[in-house]
Amino acid sequence: RQPDAESGSAFMSRVADMPRDQREEEIFKAIASGNIPAFLRNTVTLHSVARDTAGTEHHLTYEVMPDYLSVGNDTDFCRIPMNPHTAQRLADLFGASLLTASLSDEIYRKAIVKPEPFFYAPVGNANETAAKFAEHNSHIEGQLAALSAKHGELVAGIKKDVILSSRIANQPGKVVIYGWHKPGGSPIQPVYSGHIDWYVDYSHGIRFVNNEVLLDGRPALLTDILRDPLLYTLFSNEDKPMTVVTY
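Remember, predicted model here, so these are calculated numbers, not experimental data.

Student: Before we move on, can you summarise the overall build of the chain with the specific residues and values?
Tutor: Within the chain, the regular secondary structure consists of seven helices and twelve strands. The C-alpha atoms of the chain give a radius of gyration of 17 Å, which matches the 18 Å a tight globule of 247 residues would have. Within the span of the chain, comprising 247 residues, buried residues form 52% of the whole. Considering only contacts in the chain between residues 6 or more positions apart, those separated by 24 or more positions represent 67%. Split by element, the accessible area of the chain, about 10800 Å² in all, is 52% carbon and sulfur. Charged side chains of the chain number 23 positive and 30 negative; the gap between the two group centres comes to 3 Å.

See below:
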């Protein structure tokens with residue numbers, strides 16, 4: 001992050017009235033240039049055990065961002081919703097992958113901080129605006145402060161995840177979302193692909209996982225595993241491997 005990079009509030013003010021496509025490009029440029037809080041750079045290492053389609057048990061190690069992708073610095077930032085194509089461009093740049101529904105569930109189970117989801121009733125297209133993104137971010141910050149949470153701790157339950165799914169291949173031109181877990185672990189949002197891919201609202205979040213994982217102690221790519229007919233169940237709860245693992 002450059003010392004003179006915009007704060008989160010300055011960035012959100014600047015993009016507030018931009019057309020959707022222009023805002024997306026500004027989000028990409030800001031994050032691609034390194035304008036994210038330092039705490040997001042410190043990934044959280046998770047371990048799990050899962051079975052492949054033959055029933056063989058495997059040990060997995062993978063690194064996830066502790067919170068959702070944001071613009072700004074550690075003291076002035078905003079969690080920033082974006083469309084899946086912007087998210088994919090950034091994932092490719094960073095050597096990352098988007099989550100699956102299974103990974104979203106696992107992150108919630110292992111999260112240290114689990115605020116209750118907070119939502120706004122739809123009023124016109126207000127929920128799709130940068131102003132609502134910033135308002136929701138401020139509410140989340142208030143929740144975290146009330147829980148005495150620290151930035152950099154693994155947090156979940158505050159956003160819906162934009163995810164990878166077989167639906168990307170089956171329903172091109174759509175975004176697939178999932179999650180926003182309630183206390184107890186059940187998601188408000190089941191896997192859903194009804195929105196066109198440019199649609200974004202305040203509830204959407206982007207959390208990256210390092211695309212390089214350890215499978216039984218050996219490096220492997222998450223996106224390769226998701227396409228593998230034997231191994232895909234290690235990171236997916238769908239009934240078949242994915243043929244498309246990017247937007």
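Student: How would you summarise unusual backbone geometry if you had to cite specific residues and measurements?
Tutor: One non-glycine residue with positive phi stands out, namely S148, at about 55 degrees. Structurally, S148 is set in the loop between α5 (130–146) and β6 (160–162). For S148, a relative accessible area of 60% corresponds to the exposed category.

Student: With reference to specific residues and values, describe the nonpolar core.
Tutor: One recurring pattern in soluble globular proteins: nonpolar side chains tend to sit buried together. One finds I31, Y62, L69, I80, M82, F208 and F235 to be the most contacted residues of the largest nonpolar core, which totals 66 residues. Here the element with the most residues in this core is strand β7 (residues 174–181); it accounts for five residues. If you look at the next biggest cluster of nonpolar residues, it comprises six residues, including Y68, V113, L144 and V155.

Student: Could you give me a rundown of the packing of helix α2 (residues 20–32) against helix α3 (residues 84–94), with the residues and numbers involved?
Tutor: Interhelical geometry of α2 versus α3 gives an angle of 15 degrees and a closest axis separation of 10 Å. Judged by the inter-axis angle, α2 sits roughly parallel to α3. Where α2 crosses over α3, the two elements pack in a sense that is right-handed. Across from E24, E25, I27, F28, I31 and A32 in α2, the residues of α3 making contact are T86, R89, L90, L93 and F94. Per-class residue counts for the contact of α2 with α3 are seven nonpolar, one polar and three charged.

Student: Requested: an account of the sheet that holds strand β9 (residues 204–205), with residues and values cited.
Tutor: Through backbone hydrogen bonds, the strands of a sheet pair up, either in parallel or in antiparallel fashion. Here four strands make up an open sheet; going across it, the order is β8-β7-β6-β9 and the pairing mixed. Two strands bound the open sheet, and with one partner strand each, they are β8 (187–196) and β9. Pairing analysis gives two bridges linking β6 to β9, with the strands arranged parallel. In the sheet register, K160 faces β9, and the bridge partner there is H204.

Student: Describe the pattern of salt bridges, naming the residues involved and giving the relevant values.
Tutor: By the definition in use, this model includes eleven salt bridges. In this structure, R79 engages D67 in a salt bridge whose closest nitrogen and oxygen atoms are separated by 2.9 Å. Within this pair, whereas R79 is found in strand β4 (residues 77–79), its partner D67 is found in the loop between β2 (57–64) and β3 (70–72), the two being separated by twelve residues in sequence. D67 shares its class with R79; the two are buried. One connected set of salt bridges, linked through shared partners, spans E6, R14, E26 and K29.

Conventions and cut-offs
- Residues numbered from 1 in each chain as written.
- Predicted model: local features only at pLDDT ≥ 70, side-chain atom pairs only at ≥ 80, totals over all residues.
- Heavy atoms only, no water.
- Helix = DSSP H or I, 4+ residues; strand = E, 2+ residues; numbered from the N terminus.
- Rg over C-alpha atoms; globule rule 2.2 N^0.38 Å.
- Buried < 20%, exposed > 50% of the residue type's maximum accessible area, 1.4 Å probe, protein only.
- Contact = heavy atoms within 4.5 Å.
- Areas by Shrake-Rupley, 256 points an atom, 1.4 Å probe, with all protein chains shown as cover.
- Lys, Arg positive; Asp, Glu negative; His and termini not counted.
- Charge placed at Lys NZ, Arg CZ, Asp CG, Glu CD.
- Core = buried A, V, L, I, M, F, W, Y, C linked by side-chain atoms within 4.5 Å.
- Axes fitted to C-alpha atoms, helices over the stretch in contact; angles between N-to-C directions.
- Parallel < 35°, antiparallel > 145°, perpendicular 65-115°, else oblique.
- Left-handed = near helix turned anticlockwise from the far one by under 90°.
- Nonpolar A, V, L, I, M, F, W, Y, C, P; charged D, E, K, R; others polar.
- Pairing = 2+ DSSP bridges.
- Salt bridge = Lys/Arg side-chain N within 4 Å of Asp/Glu carboxyl O.

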